[in-house]
Amino acid sequence: MKKIVFASHNKNKVEEMKSLLKDLYEVISLTDIGCFDDIEETEPTIEGNAQLKANYITSKYNIDCFADDSGLLIDALNGAPGVYSARYAGEPKNDKNNLELVLKNLENHSNRKAHFKTVIALNLKGKHYLFEGSINGKITEQPKGENGFGYDPIFIANDLDKTFAEMDLQEKSKISHRGIAIQKLISFLETYHAENQ
């Protein structure tokens, strides 16, 4: 079976991708290929950072690769935290601090509209592809729920009455920005695989 690198060290994310792509590819992680470089995300957009990570791995290791980048974009904060979502409250990365800073910065805003966005960049046989997923919602006044990570405890998707952190993984994956982008990636790879047997 052909190998493809998922540019991540996150074991949970890697396991998820392994299970989703098991019939098409052997998904391997950055850890598996011995890449522990700190790939600096220097692009001003989510798309740019996803592509930057994929390009770095493809050029250094000469292997097909995909990488993802996500962000929370809040209307009242002019799209912040955006590309800085993981480091919004500064280094080192800390989900709790990031979340608290968002709530603090929204204290005097009645507009709490926001959306999550994920972009997956795929480098396959010398070509580049992008897959995007997004979901609209709002930011809560207080964190709720114990599941998920990042900003999940303060984000409620439109037409729902609970935060991402109050959902289980399967429930969230069906509707989340990341889930949507992953489904687009899988559909593309299934078609690509069938046409290039």
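Residues numbered from 1 in each chain as written. Predicted model: local features only at pLDDT ≥ 70, side-chain atom pairs only at ≥ 80, totals over all residues. Heavy atoms only, no water.

Peer 1: What is the right way to read the overall build of the chain from this model?
Peer 2: Of the regular secondary structure elements, the chain holds 5 helices and 6 strands. Listing every helix and strand of the chain by position from the N terminus yields β-α-β-α-β-α-β-β-β-α-α. Expressed as a percentage of the 197 residues in the chain, the buried residues total 45%. Here the contacts in the chain between residues at least 6 apart in sequence split such that 54% fall between residues at least 24 apart. (Helix = DSSP H or I, 4+ residues; strand = E, 2+ residues; numbered from the N terminus. Buried < 20%, exposed > 50% of the residue type's maximum accessible area, 1.4 Å probe, protein only. Contact = heavy atoms within 4.5 Å.)

Peer 1: Whenever I open this one, the side chain of S29 confuses me. Can you help?
Peer 2: Following the sequence through the fold, S29 ends up in strand β2 (residues 26–29). Here T31 takes part through its backbone nitrogen, which lies 3.3 Å from a polar atom of the side chain of S29. For S29, the residues in contact, after removing those within four places along its chain, are V5, F6, S8 and V14. (Polar contact = N/O pair within 3.5 Å; in protein donor to acceptor, adjacent residues only side chain to side chain.)

Peer 1: I keep staring at helix α2 (residues 46–61) and nothing clicks. Help me out?
Peer 2: Because each turn of an α-helix spans 3.6 residues, side chains separated by three or four positions end up pointing in the same direction. If you check α2, its first and last C-alpha atoms are 23 Å apart, about what 16 residues at 1.5 Å a residue would give, namely 22 Å. If you check which residues of α2 are buried, you get I46, G48, N49, A50, Q51, L52, K53, A54 and I57. Looking at the buried side of α2, the elements it contacts are β1 (3–6), β3 (65–74), β4 (113–124) and β5 (127–139). Taking the backbone nitrogen of G48 as reference, a side-chain oxygen 2.9 Å away marks T45 as the first, capping residue of α2. (Expected span 1.5 Å × (residues − 1).)

Peer 1: Looking at this structure, how should I read the sheet that holds strand β6 (residues 155–157)?
Peer 2: Strand pairs in the sheet, formed through backbone hydrogen bonds, run parallel or antiparallel to each other. A sheet is described by the order of its strands in space; here 6 strands give the open sequence β2-β1-β3-β4-β5-β6, paired in mixed fashion. Either end of the sheet is taken by a strand with one partner, and the two such strands are β2 and β6. Taking each pair of neighbouring strands and ignoring which way they run, the sheet shows an average axis angle of 35 degrees. Note: β1 against β3, 2 bridges, orientation parallel. Paired with V5 across the two strands is C65, which belongs to β3. Across the face of the sheet, α2 comes into contact with β1, β3, β4 and β5 while running at roughly 160 degrees to β3. (Pairing = 2+ DSSP bridges. Axes fitted to C-alpha atoms, helices over the stretch in contact; angles between N-to-C directions.)

Peer 1: Help me understand the state of the cysteines, please; the structure alone is not making it clear to me.
Peer 2: In a disulfide, the sulfur atoms of two cysteines are covalently bonded to one another. Evaluated as defined, the whole model comprises 0 disulfides. Unpaired in terms of disulfides, C35 finds its nearest cysteine sulfur in C65, a separation of 9.2 Å. (Disulfide = S-S within 2.5 Å.)

Taken by themselves, the reported measurements are silent on function.
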